[in-house]
Amino acid sequence: MGKVTAIANQKGGVGKTTTAVNLSAALGEAGKKVMLVDIDPQGNATSGLGVNKRTVQKSSYDLLSAGMPANEIILHTRYQNVDLIPSNISLAGAEIELVDAADREEKLKRALVPVREDYDFILIDCPPSLGIITLNALVAADTLLVPAQCEFYALEGLSQLMATVRTVKRLYNPSIDIEGVLLTMYDGRLNLTLQVVEEVKRFFPRKVYKTVVPRNVRISEAPSFGQPVIYYDKYSKGSDAYRELAQEIIGQNR
């Protein structure tokens, strides 16, 4: 059965969607069958895999609000072993529509059950908020991967996220655990970066990945071409980092 991992941080701009897209591609390249579930109304993970979010006929909105089966929505991308449940702006309405729904926090979990056997990894790209859509991801997930930018406010966002995870663990999903914390936009020349790394490691002992994602212009350029960085420039430092992360995760999940 495929492992479901939510990639979440309510703080925007930390490399969450970048990680979702590039980790999916790197795991797929390594021979693992992967599905990326985009539940961010911005749909950036969808376009990052080369799918036009304005023209998708069925999306994660239909999964959450209309109860459409996942296998009717899944798209096969042009990238090795990577499938996608796309998103678009219509998902923004789901926050309101789900408020009064029965078992509103379990919609995504139930939708993924029939397709879990088809994949090694199911990654969920969450919106930069802690609303009902992100709650669905945390209830559906086995683990949580947290991208954290190497900057001053990183820990403030992490403490809020962990408070939410503790609530989810108590009320909805007692088995959820931290898969790992990924340090992004890393620049080892800066004292601030090194200080943040030490603080994060103290906050999450034994949960911080050895792999760090550097500041890299190729990672920033790749989404505008609808490509993961390992396909856009396979020899870049960003590509190396996400391949290393994929191997680290595969090693942890043998």
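Values in this document were obtained by computation on a predicted structure and should not be read as measured data.

Q: What am I meant to see in the packing of helix H7 (residues 154-171) against helix H8 (residues 191-203) here?
A: A packed helix pair is summarised by two numbers, namely the angle formed by the two axes and the spacing between the axes. At their nearest, the axes of H7 and H8 sit 10 Å apart, and the two run at 20° to each other. By the criterion of interaxial angle, the relationship of H7 to H8 is roughly parallel. H7 and H8 meet at a crossing whose hand is right-handed. Residue-level contacts link Ala154, Leu155, Leu158, Ser159 and Met162 of H7 to Val196, Glu199, Val200 and Phe203 of H8. The residue inventory of the contact of H7 with H8, partitioned by class, reads seven nonpolar, one polar and one charged.

Q: Would you explain the nonpolar core in this entry?
A: Proteins that are soluble and globular tend to have nonpolar side chains buried together. Residues Met35, Val37, Ile39, Leu108, Leu112, Ile124 and Leu144 are the most contacted members of the largest nonpolar core, which totals 50 residues. In terms of residue count, helix H6 (residues 132-140) provides more of this core than any other element does, seven residues in total. Here leucine 108 is in contact with Val37, Ile39, Leu63, Leu64, Ile124, Asn136, Ala137 and Ala140, once residues within four sequence places are set aside. One finds Val21, Val51, Val82 and Val213 within the second-largest nonpolar core, a separate group that totals 32 residues.

Q: Whenever I open this one, the side chain of threonine 134 confuses me. Can you help?
A: Assignment of secondary structure puts threonine 134 in helix H6. The contacts of threonine 134, once residues within four sequence positions are left out, are Cys126, Pro127 and Ser129.

Q: Looking at this structure, I do not really get the pairing of strand E1 (residues 3-7). What am I missing?
A: Put simply, side chains in a regular strand alternate between the two faces of the sheet. Among the five residues in E1, four count as buried, and that is most of the element. Pairing of E1 with strand E5 (residues 121-125) involves five bridges; the strand directions are parallel. When the sheet's bridge partners are listed, isoleucine 7 is paired in E5 with aspartate 125. Sheet analysis places E1 next to strand E6 (residues 143-149), joined by three bridges and oriented parallel. When the bridges of E6 are listed, isoleucine 7 appears paired with leucine 145.

Q: Is there a simple way to think about the packing of aromatic side chains in this case?
A: The geometry of two aromatic rings is summed up by the distance between their centres and the angle between their planes. Under the counting rule described, the total for this entry stands at three aromatic pairs. Measuring from centroid to centroid gives 4.7 Å for tyrosine 79 and tyrosine 231, while their planes differ by 50°, and the two rings are tilted. Residue tyrosine 79 is found in the loop between strand E3 (75-76) and strand E4 (82-85), and its partner tyrosine 231 is found in helix H10 (residues 229-232); the two are separated by 152 residues along the sequence. Judged by relative accessible area, tyrosine 79 falls into the buried class, the value being 5%. The exposure class of tyrosine 231 is partly exposed, given its relative accessible area of 33%.

About the thresholds
Residues numbered from 1 in each chain as written. Predicted model: local features only at pLDDT ≥ 70, side-chain atom pairs only at ≥ 80, totals over all residues. Heavy atoms only, no water. Axes fitted to C-alpha atoms, helices over the stretch in contact; angles between N-to-C directions. Helix = DSSP H or I, 4+ residues; strand = E, 2+ residues; numbered from the N terminus. Parallel < 35°, antiparallel > 145°, perpendicular 65-115°, else oblique. Left-handed = near helix turned anticlockwise from the far one by under 90°. Contact = heavy atoms within 4.5 Å. Nonpolar A, V, L, I, M, F, W, Y, C, P; charged D, E, K, R; others polar. Core = buried A, V, L, I, M, F, W, Y, C linked by side-chain atoms within 4.5 Å. Buried < 20%, exposed > 50% of the residue type's maximum accessible area, 1.4 Å probe, protein only. Pairing = 2+ DSSP bridges. Phe/Tyr/Trp six-rings, centres within 6.5 Å; stacked < 30°, edge-to-face > 60°.

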